[in-house]
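Chain residues, written in single-letter form:
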Amino acid sequence: MRQYFLLLSLLCLLGCSEQSDTQEQNKIDPVMQLSQWCFDHWKQQQWTLGETNLPAVENQAFSEGIQKICRARAELYAEGYEIYPFITDTMQREIYALVFSASVEDIKSHLKQHLPKLQRI
């Protein structure tokens, strides 16, 4: 019984350590931090959906899509592309076309293809 308790305690410690390491890396990772700032900036703009004017931030699928777009823009910015890493009101048409994309890589590919000014600095 004592050995079982020690083993369980050790596993818990290892699991807790891994989680805190991941959280610490996210705090330090500049791309993740820039991505979060982008998302926070977007939330402040208070976009709405459809004729009901439902706050876009309350739609989980839409919010997750915005997070992917922010991540893609932050990654491209970090890779040296000349791109504004935040989402502005003037980008709504572009954003709505991307918000339900499957992955961050799909969004990055789309941005590279459809933004003719996008180039490396």
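All values derive from a computational prediction rather than experimental measurement. (Residues numbered from 1 in each chain as written. Predicted model: local features only at pLDDT ≥ 70, side-chain atom pairs only at ≥ 80, totals over all residues. Heavy atoms only, no water.)

> Can you break down the packing of aromatic side chains residue by residue, with the values?
Given two aromatic rings, one states the distance between the centres and the angle between the planes to describe the pair. This model, assessed by the stated rule, comprises seven aromatic pairs. Measuring from centroid to centroid gives 5.7 Å for Trp47 and Tyr96, while their planes differ by 50 degrees, and the two rings are tilted. A residue pair is termed long-range when its members are at least 10 positions apart, and Trp47 in the loop between helix H2 (30-44) and strand S1 (48-49) and Tyr96 in helix H4 (residues 92-98) qualify at 49 residues. With relative accessibility at 35%, the residue Tyr96 sits in the partly exposed group. Pairing Tyr84 with Phe86 gives two aromatic rings, centres 5.6 Å apart and planes at 55 degrees, and the pair type is tilted. Taking relative accessible area as the criterion, Tyr84 reaches 44% and is therefore assigned partly exposed. (Phe/Tyr/Trp six-rings, centres within 6.5 Å; stacked < 30°, edge-to-face > 60°. Helix = DSSP H or I, 4+ residues; strand = E, 2+ residues; numbered from the N terminus. Buried < 20%, exposed > 50% of the residue type's maximum accessible area, 1.4 Å probe, protein only.)

> Tell me what's going on with the nonpolar core, and back it up with residues and numbers.
Residues Trp42, Trp47, Phe62, Ile66, Ile69, Ile87 and Ile95 are the most contacted members of the largest nonpolar core, which totals 26 residues. Those elements giving two or more residues to this core turn out to be H2, helix H3 (60-78), H4 and helix H5 (104-114). Residues within four places of Ile66 in sequence aside, it is in contact with Phe39, Trp42, Ile87, Ile95 and Val99. (Core = buried A, V, L, I, M, F, W, Y, C linked by side-chain atoms within 4.5 Å. Contact = heavy atoms within 4.5 Å.)

> Pulling in residues and values, what's your account of the state of the cysteines?
For the coordinates displayed, the defined rule picks out one disulfide. For Cys38, the disulfide goes to Cys70, at an S-S distance of 2.2 Å. In this structure, the disulfide formed by Cys38 and Cys70 twists by about -65 degrees around the S-S bond and is classed as left-handed. Of the two residues, Cys38 is situated in helix H2 and Cys70 in helix H3; the sequence distance between them amounts to 32 residues. Comparing Cys38 with Cys70, the two get one shared label, buried. (Disulfide = S-S within 2.5 Å.)

> Which residues make up the pattern of salt bridges, and what values go with them?
All told, the structure shown has six salt bridges when counted by the stated rule. Here Arg71 and Glu75 are joined by a salt bridge, their closest N and O atoms 2.5 Å apart. Residue Arg71 and its partner Glu75 are located together in helix H3, separated by four residues, close to a single helical turn. With relative accessibility at 24%, the residue Arg71 sits in the partly exposed group. The closest approach of N and O atoms between Glu105 and Lys108, which form a salt bridge, is 3.8 Å. On the criterion of helical spacing, the pair formed by Glu105 and Lys108 is a turn pair, its members being three residues apart in helix H5. Since its relative accessible area comes to 6%, Lys108 is described here as buried. Within the structure, one salt-bridge network assembled from shared partners comprises Arg71, Glu75, Glu79, Glu105 and Lys108. (Salt bridge = Lys/Arg side-chain N within 4 Å of Asp/Glu carboxyl O.)

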